[in-house]
Amino acid sequence: MGCCSSAEAGDREWRPLEQRSCTDVIWLILFTVFCVGMACICGYTIATGGASRIIFGYDSYGNICGKKNAKIEGIELSGRDQSEKKYVFFLDPCNIDFINRRVKSLALCVSKCPNTELKTYADIKKFALNNGSELCSYDISPTRYPSHSERFTKCPKLPVTQSKAVRALHRCIPTELSCYAELAQAFVNFINDSSIIQRVIAGVLASKEIILGLCVLALVLSLMMMVVIRYISKVLIWIVTILVILGSIGGTGVLWWLYADHRKALNDNKASVFGKEVVADNVRALLIYAIISTVFTVVLLLVIFFMRKRVALTIALFSVAGKVFLHMPLLALQPFWTFLGLMLFWVYWISVLLFLGISGTPLKSNVTGLVEFQMKEPFQYLVWYHVVGLIWISEFILAFQQMIIAGAVVTYYFTRNKSELPSTPVLSSTWRAFRYHLGTIAKGSFIITLVKIPRLILMYIHSQLKGKENACARCVLKSCICCLWCLEKCLTFLNQNAYTATAINSTSFCTSARDALAILVENALRVAAINTVGDFALFLAKVLVVSCTAFVGVLSLNYQRDYTVWVLPLLIVCLFAFLVAHCFLSVFEIVVDVLFLCFAVDTKYNDGSSGREYYMDKALMEFVESSRKMGRNKSDEGDRREMKPMQRGGTAA
């Protein structure tokens, strides 16, 4: 499927935007077949009545409310015409099975939910005769409610309701919490007894306008930060680099100082016998931490030293990324559309999962004598198929966003005259991704799914082993989970660059991944500079957005005198600010990575001569020219050093 191509990555030149063809068609067919299977699962739940039972409700005898029903073998009260009875009424709504997460009470279809308090069986009889809504089992006549021998088990628990019931999804839901006292009593008591909680909740309610305003401020600050990074990227990157150096050196110094202080205390014999053991353990631990920190600091300083010239490339890429957003502002809205697509899919997925829960063959329970729905093999495996669909399609939606961004940025980079850009480059990129590259997106997202599913299974097994004595098994599982997590992150990074290569050359996923990997290996130090300095700078930008929002929030909330505790409002605002900043700046990070791959391809196959002119922006061109000057200076110095021995040799002769 493209992974076994005989041509090497270096044998084929990159030809940006020269031709466009469909890629990984076989994988598009497989993904389409898989999605059809997901739709068939939804159809199965509709055909077996699971969807109708969730939407319209059903009674304990398998009858769907508001419809005519077929007879279920072995269930005497099934097969009833419930066309006039559109609501589900539970005789004891508080009888909840927490293990199986369902109401154990007998459920009936009724024509009207109770809207008054019914204290006696005579009241239930009167309600049934006046409203035509029978609240006891179907085999009991309303006139016999007060005297029937089974009224305590087949009639509702008294009192029926304290106030008017709510009709939610054709269910009669009491509005009073008194019937849920066993569940809510502890929480209610905690709320009533805690004046702090009351003040916090009052603070949230009183400051809702301020919270909304601060959320808007976080949105504006995130957009401004993307523009600011473009103009002060040089200062920002060097500040980040200096802070990293000072932080690592300072942390290492503090650890060595603590080690020396604890060792001195141990040598002075100031502690008791028991205290000496604790101090000795602390000394050993501090020594280990100090050594590790020292090694880390030395490695970090060496990496920064060798990458110091590559930092200029990160600065130039940040500057060009800012220009990309000025030319294509719709890129900033891409996370919103992706989030909307994920939300719609997740709502659909959860709905079908609920439908599956009550789909299948109706069977009579041996314990209760009522109807239960069970799926027989092979239909039981539909749930696992549905779970795989959750991961694969979610990854597909995220990958589709990356392909759109990559296509738009590639078009911007490899268009020499920016005035010739499409009027809507983001929409054009969306159309190209949809028309040509859905197969590549499906293949890349499936590779991530193959890693994510085993990791989720191992995480589930690890959670089940908590509290068990098999510590060795837990340790091995945790190591496997960490390895799979690292592999997933590496594959995600490789996938993103493969999508960029596909957007440039319109090649299949495996070919694009191989080409992108070859380019990245050739520019390993540059990649390290971007992924360390650049990512850390963006992280600090996110922190800056949250800090500014929190600062304004403190000032605003401080003037609110209706309450004294505003921790929760401020926490809500800070969380929202971080999420918004993360969404916008993550798109910025993707743009920078795409620009780097375009830059690497540009410098590899072009040299600025006639017919091989660079595509790059002026900022990147300045970086290339400065690099060339430094290279020529070093070459001249080398030539002079070689000439001196030759001159001395000639004089001696």
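What counts and what doesn't
Residues numbered from 1 in each chain as written. Predicted model: local features only at pLDDT ≥ 70, side-chain atom pairs only at ≥ 80, totals over all residues. Heavy atoms only, no water. Phe/Tyr/Trp six-rings, centres within 6.5 Å; stacked < 30°, edge-to-face > 60°. Helix = DSSP H or I, 4+ residues; strand = E, 2+ residues; numbered from the N terminus. Buried < 20%, exposed > 50% of the residue type's maximum accessible area, 1.4 Å probe, protein only. Expected span 1.5 Å × (residues − 1). Disulfide = S-S within 2.5 Å. Axes fitted to C-alpha atoms, helices over the stretch in contact; angles between N-to-C directions. Parallel < 35°, antiparallel > 145°, perpendicular 65-115°, else oblique. Left-handed = near helix turned anticlockwise from the far one by under 90°. Contact = heavy atoms within 4.5 Å. Nonpolar A, V, L, I, M, F, W, Y, C, P; charged D, E, K, R; others polar. Polar contact = N/O pair within 3.5 Å; in protein donor to acceptor, adjacent residues only side chain to side chain. Arc of directions from axis to C-beta. Core = buried A, V, L, I, M, F, W, Y, C linked by side-chain atoms within 4.5 Å. pLDDT = per-residue confidence, 0-100. 1 Å grid on protein atoms, 1.4 Å probe; cavity = no way out; pocket = protein on both sides within 12 Å on 5 of 7 lines; lining within 4 Å. Points joined across faces, edges and corners; volume = space filled by probe spheres on them.

**Section: the packing of aromatic side chains**
Aromatic rings in a pair are described by how distant their centres are and how their planes are angled relative to each other. Following the criterion strictly, the structure yields 16 aromatic pairs and no others. Aromatic side chains Tyr 61 and Tyr 138 sit 5.7 Å apart centroid to centroid with 50 degrees between the ring planes, which places their arrangement in the tilted category. Of the two residues, Tyr 61 is situated in the loop between helix 2 (50-56) and strand 1 (87-90) and Tyr 138 in the loop between helix 3 (121-131) and helix 4 (151-154); the sequence distance between them amounts to 77 residues. As far as the burial class goes, Tyr 61 and Tyr 138 line up, both buried. Taking the centre distance of 5.0 Å and the plane angle of 70 degrees together, the rings of Phe 336 and Trp 337 count as edge-to-face. A connected cluster of aromatic rings, assembled from ring pairs, spans Trp 27, Phe 31, Phe 34, Tyr 385, Trp 392, Phe 396, Phe 400 and Phe 446.

**Quick look at helix 15 (residues 509-522)**
Taking 1.5 Å of rise per residue, 14 residues should cover 20 Å, and helix 15 covers 20 Å from first to last C-alpha, within 8% of that figure. Considered for burial, the residues of helix 15 that qualify are Phe 509, Cys 510, Thr 511, Ser 512, Ala 513, Asp 515, Ala 516, Ile 519 and Leu 520.

**A word on the state of the cysteines**
Here the structure, examined in full by the defined rule, presents three disulfides. Two residues, Cys 65 and Cys 109, share a disulfide whose sulfurs are 2.0 Å apart. In this structure the cystine formed by Cys 65 and Cys 109 twists about its S-S bond by roughly -85 degrees; its chirality is therefore left-handed. Linking Cys 65 in the loop between helix 2 and strand 1 with Cys 109 in strand 4 (residues 107-110), this pair joins segments that are 44 residues apart in sequence. Cys 109 sits in the buried class, given a relative accessible area of 0%.

**Regarding the packing of helix 11 (residues 382-413) against helix 12 (residues 425-436)**
In contact at an axis separation of 8 Å, helix 11 and helix 12 are set at 125 degrees when each is read in the N-to-C sense. Comparing the axis directions of helix 11 and helix 12 gives the class oblique. As helix 11 packs across helix 12, the resulting crossing turns out to be right-handed. Taking contact as the criterion, the partners of Phe 400, Met 403, Ile 404, Gly 407, Ala 408 and Thr 411 in helix 11 are, on helix 12, Pro 425, Val 426, Ser 429, Thr 430, Arg 432, Ala 433 and Phe 434. Here the residues of the contact of helix 11 with helix 12 sort into eight nonpolar, four polar and one charged.

**Here's the deal with the side chain of His 148**
Within the secondary structure, His 148 is located in the loop between helix 3 and helix 4. Among the polar contacts made by the side chain of His 148, one reaches the main-chain amide nitrogen of Glu 150 at a distance of 3.0 Å.

**Observations regarding helix 3**
Residues of helix 3 that are buried: Tyr 121, Ile 124, Phe 127 and Ala 128. Down the axis of helix 3, the buried set is contained in an arc of 115 degrees. They therefore lie on one face. Turned more than 90 degrees away from the buried face of helix 3 sit Lys 126, Leu 129 and Asn 130, all of them exposed. Where helix 3 is buried, its residues touch helix 4.

**Considerations on the nonpolar core**
Ranked by size, the top nonpolar core spans 83 residues in total, and within it Val 324, Leu 331, Phe 588, Val 591, Leu 595 and Leu 620 carry the most contacts. It is helix 17 (residues 567-605) that provides the largest number of residues to this core, a total of 18 residues. Judged by nonpolar contacts, the second largest core, of 32 residues, contains Leu 118, Ile 124, Leu 370 and Phe 373.

**So, the confidence of the model for the protein**
The predicted model of the protein has a mean per-residue pLDDT of 75, with 74% of residues at 70 or higher. Per-residue pLDDT, averaged within each element of the protein, yields its smallest value for helix 5 (residues 181-193) (43) and its largest for helix 1 (residues 25-47) (92). The model gives residues 1-10 a pLDDT under 50, and that stretch makes 15 contacts with residues more than four places away or in other chains. Per-residue pLDDT stays below 50 along residues 561-565; that stretch engages in 10 contacts with residues further than four places along the chain or on separate chains.

**Details of the layout of surface pockets**
Approximately 1100 Å³ is the volume found for the second largest pocket. What lines the second largest pocket is a set of 32 residues, among which Leu 398, Gln 401, His 582, Ser 586 and Ile 590 lie closest to the centre. Listing elements by their share of the lining of the second largest pocket, those giving two or more residues are helix 10 (334-357), helix 11, helix 13 (438-464), helix 14 (471-505), helix 16 (524-558) and helix 17. Top element by residues in the lining of the second largest pocket is helix 17. It accounts for 10 residues. Residues belonging to the lining of the second largest pocket are distributed by class as follows: 16 nonpolar, eight polar and eight charged.

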